Amino acid sequence: MFCCFRSKTEEEESTDDLGKNMTLEYKKKFLVLVVDDDPHCQTVHLAIIGAAGGFGYLAENGEEAVNRYRDGEYFNLIIMDNEMPLMDGVTATKMLRDMEVTSVIVGMTSHEDEYDAFMEAGADHCLEKPLTFGKIDSIFDQIKNA
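Residues numbered from 1 in each chain as written. Predicted model: local features only at pLDDT ≥ 70, side-chain atom pairs only at ≥ 80, totals over all residues. Heavy atoms only, no water.

S.K.: Tell me about the pairing of strand S3 (residues 77-81), and name the residues and values.
M.R.: With 5 of its 5 residues buried, S3 lies for the most part within the structure. By the alternation rule, side chains of S3 split into Leu77, Ile79 and Asp81 and Ile78 and Met80, which are all buried. Summarising the sheet, strand S1 (residues 31-35) and S3 pair through 4 bridges and their orientation is parallel. By the bridge assignment for S3, Val32 is matched with Leu77. Pairing analysis gives 5 bridges linking S3 to strand S4 (residues 104-109), with the strands arranged parallel. Paired with Ile78 across the strands is Ile105, a residue of S4. Remark: the S3/helix H4 (residues 89-98)/S4 crossover connection has right-handed handedness. (Buried < 20%, exposed > 50% of the residue type's maximum accessible area, 1.4 Å probe, protein only. Helix = DSSP H or I, 4+ residues; strand = E, 2+ residues; numbered from the N terminus. Pairing = 2+ DSSP bridges. Right-handed = clockwise from strand over helix to strand, strands pointing away.)

Set out below in structure tokens:
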């Protein structure tokens, strides 16, 4: 039996370094999950995220957001509406926290009485609709500079 071991060539080492750098760069990206069933709100939220230099992804309801995390996806920030089919935002927020998800969660509501429910479920912030850049800019900055 013949066994041969060899050292990596310079090109292979360079490729390994590139992979490590790409992984670090990926982790530095600002990834935002928008959980909302309203196409107009989705468009507005994605535009605000893009203007802030982030990368927006969509989930149509809370169940889809929870499943994305179960499938191993990660986001720096979750913008969570409450009133959605299949699973509302408060329930999804509670489930994500029970799964030990550490992403910043911002509840979005047009009903003042939902604020406490979001915060009790584990949201980091709760903002009144409609979302504007002015309302969320400081949250973006905190996450990007962490």
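S.K.: Go over the sheet that holds strand S5 (residues 125-128) with me, naming the residues and quoting the values.
M.R.: Spatially, S2-S1-S3-S4-S5 is the arrangement adopted by the 5 strands of the open sheet, whose pairing is parallel. For this open sheet the edge positions go to strand S2 (55-59) and S5, each flanked by a neighbour on one side alone. Each adjacent strand pair in this sheet contributes to an overall mean axis angle of 20°, direction not counted. Examined bridge by bridge, S4 and S5 share 4 bridges and lie parallel to one another. By the bridge assignment, Thr109 is partnered in S5 with Glu128. Sheet contacts for helix H3 (residues 62-70): S1, S2 and S3; angle to S2, the most-contacted strand, approximately 120°. (Axes fitted to C-alpha atoms, helices over the stretch in contact; angles between N-to-C directions. Contact = heavy atoms within 4.5 Å.)

S.K.: Requested: an account of the side chain of Asn76, with residues and values cited.
M.R.: Checked against the element boundaries, Asn76 lands in the loop between H3 and S3. A polar contact of 2.6 Å, which involves the side chain of Asn76, links it to the backbone nitrogen of Leu31. (Polar contact = N/O pair within 3.5 Å; in protein donor to acceptor, adjacent residues only side chain to side chain.)

S.K.: Hey, could you go over the UniProt feature "modified residue: 4-aspartylphosphate" (unreviewed entry) in the protein chain for me, with residue numbers and the actual values?
M.R.: The feature "modified residue: 4-aspartylphosphate" (unreviewed entry), as given by UniProt, occupies Asp81 in the numbering adopted here. Structurally, the position occupied by Asp81 is in strand S3. The contact partners of Asp81, leaving out residues within four places of it in the chain, are Val35, Asp36, Asp37, Gly89, Met108, Phe118 and Lys129. (UniProt positions renumbered as here; feature names shortened; annotations may be inferred.)

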